[in-house]
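Examination of the molecular architecture
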2 protein chains.
Amino acid sequence: MKNEKILLGHGSGGKLSHTLIQEVFVKYFSNTILDNQTDAAVLDIDSKSISLTTDSFVVDPVFFPGGNIGKLAVCGTVNDIAVSGAKPLYLSSAFIIEEGFPVEDLTEIVKAMAEEAKKAGVKIVTGDTKVVDKGKCDKIFINTTGVGTIDESRKHIGSGSKIEPGDKIIINGNIGDHGMAIMSARNDLKISAPIVSDCACLHNLIASALNVSDSVKFIRDATRGGLATVVSELVSTKKFGINIDEDKVPVLDSVRGMCELLGFDPFYVANEGKFVMVVGKDDAEKVLAELKKNEFGKNAAIIGEVVAEHPGKSIVKTGIGGTRILDMLSGEQLPRIC
Amino acid sequence: MKNEKILLGHGSGGKLSHTLIQEVFVKYFSNTILDNQTDAAVLDIDSKSISLTTDSFVVDPVFFPGGNIGKLAVCGTVNDIAVSGAKPLYLSSAFIIEEGFPVEDLTEIVKAMAEEAKKAGVKIVTGDTKVVDKGKCDKIFINTTGVGTIDESRKHIGSGSKIEPGDKIIINGNIGDHGMAIMSARNDLKISAPIVSDCACLHNLIASALNVSDSVKFIRDATRGGLATVVSELVSTKKFGINIDEDKVPVLDSVRGMCELLGFDPFYVANEGKFVMVVGKDDAEKVLAELKKNEFGKNAAIIGEVVAEHPGKSIVKTGIGGTRILDMLSGEQLPRIC
C-alpha cells in the first residue's frame, strides 16, 4: 500500500478497510488483545477503580519539529491518565482521515504511535477508521481514549482536594515550546535555531515523584491555555490563592523571543510535555530533586506557592517588581494546537 | 448561548470553552462523576475484566429520520459493548466541531445523547471539545468510547469461538433501514412513506436473550457493510461455513424498493439497530421468541445456519432457487453512513 492514497473505500468496513487495518494498524500496533480484532477489546483489570480520559487531536500541521499528530495523540492521553494519579495501561485509537491522504504519511503517524505506546508501556487495544470525502476534514484527526488503574490513596490528585496554604507549585521544565514549535511549523518561519515541541509521555516522571513523596497533592498537564489556565482553573473555585514568581518560570530564550515578536504571553502558550504539580512544602525540594534526574524534568523548578490570601485568585509577581492577576485564556490564541 | 454560533475560542481550553462545557455539555450530561470536571474520570468497576470499544461518527446529514449524530454516537458504542457480551456502563464523548456550527443544533445533539444514555443506563463521564476553522471539518464529528464489564462466561461471544455446525443464525429485524434513511435524507428524496433509521440501543434486547439461553455463541451489530459483511467476516478464518436463506431475511418493502431503484443490495446496506446472533440449535426458537417480545426485536427471524460444508464461505440461497456467495463489501457503497 506504500505509495497509495486513502480512498473512501478504506472507511467502508469492507475489503479495503480490512486491507488498511491489516497492513497499517495491526502491523504496527500488534498485541495479543488487538490481534483478536473484535470490535470491543476485553481487558484484565487489577483494580477496583479505573481512570478514563478522551482527547481528539486535530493539530495543524500534522508533522512538526519534535513529533507528529500520532505521537501527540499517545502522549496527550497517557499524560491525562498519569496526571490523575493513575497508571496508564490501554488506549483506543480512532482515525478520521480525508480521502486522498497519503498512506505513507498515515504509516509514519501509526509508527510514531506504536513506538510511543511501546515506550510508555501501554497497549493500543481497539480502534476505528472513518474516511470522509476530500475537503470534509483536514488531512487526519485522531481520537485516543485511555484507561488506567488508580489506587484509592491517589484519587485526590486529580481534583487537588488536599491542597492547603504553604504547598509549593512545581513545573517540570520550560514552558511554551509546543505552541511556538507549531506556530513556526505552520507558518514555515525561518528561524536560526528551530523550536522543538516538548511532546512527551510523562507517566514515568510522575511515577518517580509519587514514589518519593506522599504529599503530591495535584498534577495537571499544561496543554491548551498553558500554565496560566491550569493555575487559574485550579484556584477558581477554591478557598486559597496562588502566588507565582515570574522570574522562576523557565522559558527558553528562543521561545521568549518568538513570543515577544508575535505578541504571545508564554504563560498562555500550550505545552505537551509539561505539568503543574502541587507538593506539600516539606517535600517540595525532595520532589524537585527527583524530577531533575529525568530527561523530561531536568529544567524543573519551584515557581510559586499556595497562599491563604486572595482566595480564588492567582497572582504573578513580575520580573520588574509589579504584580498581575492570572486569568483563564479569553478567546482563542492558537487554534488546532493539539 | 442559544442563538450563538460556535467560535474557535470555544475550543481554546479557556473561558469560552468553560462556558460551552457548562451551558451545553454538563447541563445535559450531568452526573456525579462528570460533574467533578477532572480530565480523567475515576470509575468504580465491579469486575476483573472490562470491555473497551471506540467509534468516531461522521454521519452526513447530522439530522436524519429516526435520529441524529448524537443518538447514533451513543447507540453505536453501547451496541458495540453489548454485542461483546458485556454490560455497558460508561461513555466518553469527544467533539470536533466546525467553526460557525449553530449552538442550537449542538444542543439538540447533546440532548439526544443525554436522553439515549439515560435510557441505556450508561453515564457519559468524560469528554473533549475541539473546534476547527470553517471548512476544515464538516459540521460535527463525535467520538464515543465505551466501557463495560464482562463476565468470564461471556468472553467467547465477541469472537464466536464456540460456534459449531448446526447453530442457527438470527437477525433481530428488517435490514437496510438506516442506510436508506440516510440516503434519502442526504439527497432530499421525496418519497411517500419516509424511511426511518433503525438507530437504537440494543443492550436490553441482548441481555434478555442471554438471560434465557447459555448457548448464545456470537453477536455482532450489522453496521457498515451490512449483514453480508458480518457474516462473511465471521466465516472468513473459520472451519465452518454459513448458509443464509434470502427469503427469511426481513426487508421492508419501502427499503427494498429504494434499494432496487438506486442499485443497492440490502444485504450490504448499513443498519444501526440490528445484530446477527448465532445460537445453538436447541435454543434458537426460545431465543427468537424472547427477542420478539421486545420492540427492537419484534421482526426477528432465523435466517440461516452454520454448516460443516464450504468452510470459510457463506452462501445465500436466493428466492428464485439459485445460490450466491456472500463476500465482504468491496469499494465504498455509502460514505459517511455512521
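Our structure is the block above this text.
Let me sum up the structure you'll find in this document.

The rules behind the values
Residues numbered from 1 in each chain as written. Chains lettered and ligands numbered in written order. Predicted model: local features only at pLDDT ≥ 70, side-chain atom pairs only at ≥ 80, totals over all residues. Heavy atoms only, no water. Phe/Tyr/Trp six-rings, centres within 6.5 Å; stacked < 30°, edge-to-face > 60°. Helix = DSSP H or I, 4+ residues; strand = E, 2+ residues; numbered from the N terminus. Buried < 20%, exposed > 50% of the residue type's maximum accessible area, 1.4 Å probe, protein only. Axes fitted to C-alpha atoms, helices over the stretch in contact; angles between N-to-C directions. Parallel < 35°, antiparallel > 145°, perpendicular 65-115°, else oblique. Left-handed = near helix turned anticlockwise from the far one by under 90°. Contact = heavy atoms within 4.5 Å. Pairing = 2+ DSSP bridges. Least-squares fit on C-alpha atoms with pLDDT ≥ 70 in both. Buried area = accessible area lost by both parts, 1.4 Å probe. Salt bridge = Lys/Arg side-chain N within 4 Å of Asp/Glu carboxyl O. Polar contact = N/O pair within 3.5 Å; in protein donor to acceptor, adjacent residues only side chain to side chain. Nonpolar A, V, L, I, M, F, W, Y, C, P; charged D, E, K, R; others polar.

Residue and element names in this part refer to chain A. Counting across every chain of the model gives 5 aromatic pairs over all chains. The interplanar angle of 35° and the centroid separation of 4.6 Å between the aromatic rings of F25 and F95 together place this pair among those described as tilted. A residue pair is termed long-range when its members are at least 10 positions apart, and F25 in helix α1 (residues 15–29) and F95 in strand β5 (residues 87–98) qualify at 70 residues. Here F25 matches F95 in class, with each residue buried. A network of ring pairs unites the aromatic residues F25, F29 and F95 as a single cluster.

Moving on, we get to the packing of helix α1 (residues 15–29) of chain B against helix α3 (residues 103–120) of chain B. Residues and elements named next belong to chain B. In the contact formed by α1 and α3, the axes pass within 8 Å of each other and the chain directions differ by 25°. With respect to α3, the element α1 is oriented roughly parallel. Like other packed secondary-structure pairs, α1 and α3 cross with a definite hand, here right-handed. Where α1 abuts α3, its residues L20, V24, F25, Y28 and F29 lie against V103, L106, T107, V110, K111, M113 and A114.

Bringing the sheet that holds strand β13 (residues 314–317) of chain B into the picture now. Residues and elements named next belong to chain B. The 7 strands are arranged β9-β11-β8-β12-β10-β13-β14 in an open sheet whose pairing can be described as mixed. At either margin of the open sheet sits one strand with a lone partner, and together these are β9 (216–221) and β14 (323–326). Across the sheet, the mean angle separating the axes of adjacent strands is 25° when strand polarity is ignored. In this sheet, strand β11 (residues 275–279) lies alongside β9 in antiparallel orientation, the contact comprising 5 bridges.

To continue, consider the relation of the copies chain A and chain B. Overlaying chain A on chain B yields an RMSD of 0.0 Å, the required transformation being a rotation through 180° with an accompanying axial translation of 0.0 Å. Those values place the two copies in the arrangement expected of a two-fold rotation axis. Among all C-alpha atoms of chain A, that of C137 of chain A lies closest to the rotation axis, at 2.0 Å.

Attention now moves to helix α6 (residues 226–236) of chain B. Across the 11 residues that make up α6 of chain B, a large majority, 9, are buried. Of the positions making up α6 of chain B, those classed as buried are G226, L227, A228, T229, V230, V231, S232, L234 and V235 of chain B.

Counting from both sides, the interface comprises 68 residues of chain A and, opposite them, 68 residues of chain B. The contact between chain A and chain B buries some 5,500 Å² in all, and 59% of this surface belongs to carbon and sulfur atoms. The interface formed by chain A and chain B holds 8 salt bridges in total. One salt bridge connects K130 of chain B with D55 of chain A, and the closest N-O pair in it is separated by 3.4 Å. Scanning the region where chain A abuts chain B turns up 31 residue pairs in polar contact (both at pLDDT 80 or more). For the side of chain A that touches chain B, the secondary structure elements donating two or more residues are α1, β1 (41–44), β2 (49–57), β5, β6 (123–132), β7 (140–149) and α6 (226–236) of chain A. Classifying every residue of the side of chain A that touches chain B gives 23 nonpolar, 27 polar and 18 charged.

Function-wise, these values are silent; they only describe arrangement.
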